[in-house]
Structures are given as C-alpha cells and as structure tokens.
Amino acid sequence: MAPELMRAICDEVVTRILANADELTDLDQAIGDGDHGINMKRGFEAIAAQAEEICGLPPGAALQKAGMTLVMKIGGASGPLYGSMFIAMGKAMTAPPDSQEDLAASLAEGVEAVKKRGKSQAGEKTMLDVMVPVLAAIDQPTDDPLNAARQAADRGLEATKDMLATKGRASFLGERSIGHLDPGARSSALLVHAVCDVLEGRA
Ligand code: ADP
Ligand code: MG
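All of the points below concern the structure found in this document. (Residues numbered from 1 in each chain as written. Chains lettered and ligands numbered in written order. Predicted model: local features only at pLDDT ≥ 70, side-chain atom pairs only at ≥ 80, totals over all residues. Heavy atoms only, no water.)

**Quick word on the packing of aromatic side chains**
Tallying each qualifying case throughout the model produces one aromatic pair. Ring plane angle 75° and centroid distance 6.4 Å describe the contact between Phe 44 and Phe 86, whose orientation is recorded as edge-to-face. With a gap of 42 residues between them, Phe 44 in helix α3 (residues 36-49) and Phe 86 in helix α6 (residues 78-92) connect regions that are remote in the sequence. Judged by its relative accessible area of 12%, Phe 86 is buried. (Phe/Tyr/Trp six-rings, centres within 6.5 Å; stacked < 30°, edge-to-face > 60°. Helix = DSSP H or I, 4+ residues; strand = E, 2+ residues; numbered from the N terminus. Buried < 20%, exposed > 50% of the residue type's maximum accessible area, 1.4 Å probe, protein only.)

**A word on the coordination of the magnesium ion (ligand 2)**
All of the protein donors around the magnesium ion (ligand 2) are Asp 28 (OD), Asp 33 (OD) and Asp 35 (OD); their distances to the metal are 2.0 to 2.2 Å. Positions of the donor residues of the magnesium ion (ligand 2) along the chain correspond to the pattern D-x4-D-x1-D. Residue Asp 28 is classed as buried on the basis of its relative accessible area of 9%. (Donors = N, O, S within 2.8 Å, 3.2 Å for Na, K, Ca; no water.)

**Describing the side chain of Thr 160**
With respect to the element layout, Thr 160 can be found in helix α9 (residues 145-160). Sequence-distant contacts of Thr 160, that is, excluding residues within four places in its chain, are made with Lys 125, Thr 126, Asp 129, His 180, Leu 181, Asp 182 and Ala 185. (Contact = heavy atoms within 4.5 Å.)

**Some remarks on the side chain of Thr 25**
Structurally, Thr 25 is set in helix α2 (residues 21-31). Within polar-contact distance, the side chain of Thr 25 engages the backbone nitrogen of Ile 38 at 3.5 Å. When sequence neighbours within four positions are dropped, the list of residues in contact with Thr 25 reads Gly 34, Asp 35, His 36, Gly 37 and Ile 38. (Polar contact = N/O pair within 3.5 Å; in protein donor to acceptor, adjacent residues only side chain to side chain.)

**A closer look at the site of ligand 1**
Of all residues adjacent to ligand 1, which total 20 residues, the nearest are Asn 39, Ala 77, Ser 78, Ser 120 and Asp 182. At 3.0 Å from an oxygen atom of ligand 1 is found a side-chain nitrogen or oxygen belonging to Asp 28. Met 127 places a main-chain nitrogen or oxygen 3.0 Å from an oxygen atom of ligand 1. When the free accessible area of ligand 1 is taken as 560 Å², the share hidden by the protein chains comes to 92%. Listing elements by their share of the shell around ligand 1, those giving two or more residues are α3, α6 and α10 (183-199). With three residues, α10 is the single largest residue contributor to the shell around ligand 1. Looking at the shell around ligand 1 residue by residue, the class counts come to five nonpolar, nine polar and six charged. (Near = heavy atom within 4 Å. Areas by Shrake-Rupley, 256 points an atom, 1.4 Å probe, with all protein chains shown as cover. Nonpolar A, V, L, I, M, F, W, Y, C, P; charged D, E, K, R; others polar.)

**Considering a nonpolar patch on the surface**
Side chains of Met 1, Leu 103 and Leu 199 sit close together on the surface and give an oily, nonpolar patch of about 200 Å² of accessible area. Looking at where Met 1 falls in the secondary structure, it is placed in the segment before α1 (3-19). Residue Met 1 is classed as partly exposed on the basis of its relative accessible area, which comes to 33%. (Patch = residues over 30% accessible without salt bridge, like charges linked within 9 Å, V, L, I, M, F, W, Y side chains within 5 Å. Salt bridge = Lys/Arg side-chain N within 4 Å of Asp/Glu carboxyl O.)

**Looking at helix α8 (residues 128-138)**
Burial runs high along α8: eight of the eleven residues are buried. Where α8 is buried, its residues touch α6, α7 (100-118), α9 and α10.

**A look at the state of the cysteines**
One pass over the structure, following the stated rule, counts zero disulfides. A disulfide-free cysteine, Cys 10 has its sulfur positioned 4.2 Å from the sulfur of Cys 55, the nearest such atom. Since its relative accessible area comes to 11%, Cys 10 is described here as buried. (Disulfide = S-S within 2.5 Å.)

**Focus on a negative patch on the surface**
A grouping of Asp 98, Glu 101, Asp 102 and Asp 139 is seen on the molecular surface, where their side chains present a negatively charged patch. Note on placement: Asp 102 falls in helix α7. (Lys, Arg positive; Asp, Glu negative; His and termini not counted. Charge placed at Lys NZ, Arg CZ, Asp CG, Glu CD.)

**Overview of the packing of α1 against α10**
Closest axis-to-axis distance for the α1/α10 pair is 9 Å, and the angle between their directions is 145°. Crossing geometry of α1 relative to α10 is assigned as right-handed. Residues Leu 5, Ala 8, Ile 9, Glu 12, Val 13, Arg 16 and Ile 17 of α1 form the contact with α10, whose participating residues are Ser 187, Leu 190, Leu 191, His 193, Ala 194, Val 195, Asp 197, Val 198 and Leu 199. Split into classes, the residues belonging to the contact of α1 with α10 amount to eleven nonpolar, two polar and three charged. (Axes fitted to C-alpha atoms, helices over the stretch in contact; angles between N-to-C directions. Left-handed = near helix turned anticlockwise from the far one by under 90°.)

Okay, here's the thing in structure tokens:
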C-alpha cells in the first residue's frame, strides 16, 4: 500500500470522526454517558497530530502505532477496544495488503481482539454489530467488496436500534436501551465508510 494511500485513509478517517463527533456524543447521551464523540475526537486528533510519522511506516506498523495512540488517548471503553482492534489488525498485516483476502484476514484478527477484550459478541448492541457483518461481507468473494462492506455496516448499525444492550454502559439501562442506535456501532460505520470511500477513490 502506497504511503499516499495510507495518508489519504488516515486523513479521511480523522475528518469523518471530527465532522460527526457531535452526533456520536448525542447517541451516547441517549444510552451512555455522552462522551463517545469527545473520546473519538481526542483519539483521532492525536492520530492526526502523528499522521506524518504513522503514515511513513509500513501498513502493519502504522496500524499498531495508531492503535497504541487510541489506547493511550481515549479514556472510555472505546479506546482500548478500538486500540486493540487496530493493533491486532496491524500485527496480522505482516506484508502490505494487496487483496480482499489480506484485508479480511487482518480484520478478522481485529474483530477477534475486540471480542476478547470486550468479552462480547455480535447481538449485544456494540461496535461488533457493525464490524462482525462487515468482516462477513468481505470474507467471501464478491464483485464489489467495498459496497458490500458499506452496506453491511449500514445494516449492522440500523440493527442495533432494536437491540437490548448487554455490554458497556448502555447495559445499565436494560430495556430502555432499546430504540436507540449504538454510538460505537455508528463510529465503526463511519470508519468503514471512510476507508471504503478512499479505496474506491470517492473521497
Ligand atoms: P464509555 O462507554 O466508557 O463511555 P465510549 O462512550 O467512548 O466509552 O464508547 C461506548 C461504545 O463502546 C459503545 O457504544 C459500544 O459500541 C462500545 N462498547 C462498550 N463496551 C463494549 C464491549 N464490552 N464490547 C464491545 N464494544 C463495547
Ligand atoms: Mg460513553
């Protein structure tokens, strides 16, 4: 993966998180403590500040460094979870990815790391309800993997609305968590769209 492409992905991811931070906070206000936008903004601003250094590294090392930054900069649950995901994806990326299979293999490790750290799985109204379907979508041959990934992200996000939260702060609400989108699922969907749009030359 060319350094310019990595830089484009990095810049777009940061732009989308910052542009949608208020929405993430609103969603977290409904079923959490209202800091998800602030947390994500802090973490991705820290990545932006190191973008030059991060994007000068091979992709695997760059993802690991970005993940470490998220772990260090984000206080909430999402920092260690996204951090673990990026670090595990980076570790799996021993060579620059040049196929859908490579990306799926790396994402599979990332998803596994979130499950392990969060002691969670899909269906519990979390970021995994986006990341697990996205992985499933690209983990099989498709004509248009980027579109498949975006659609899986959107459907996964929408599905969190009717779910009962059983992990994280939203689980404290019990039945009252139903009827709201999960903030972490929304931030995951933003990340998936940003990466796919850049890979497709749309952003
Ligand atoms: P906090 O919950 O500490 O305030 P954030 O608000 O930044 O942290 O992040 C909340 C999001 O983290 C949730 O919307 C959910 O998607 C995700 N999350 C929380 N706990 C878990 C878990 N155990 N496994 C997977 N994702 C989780
Ligand atoms: Mg929160």
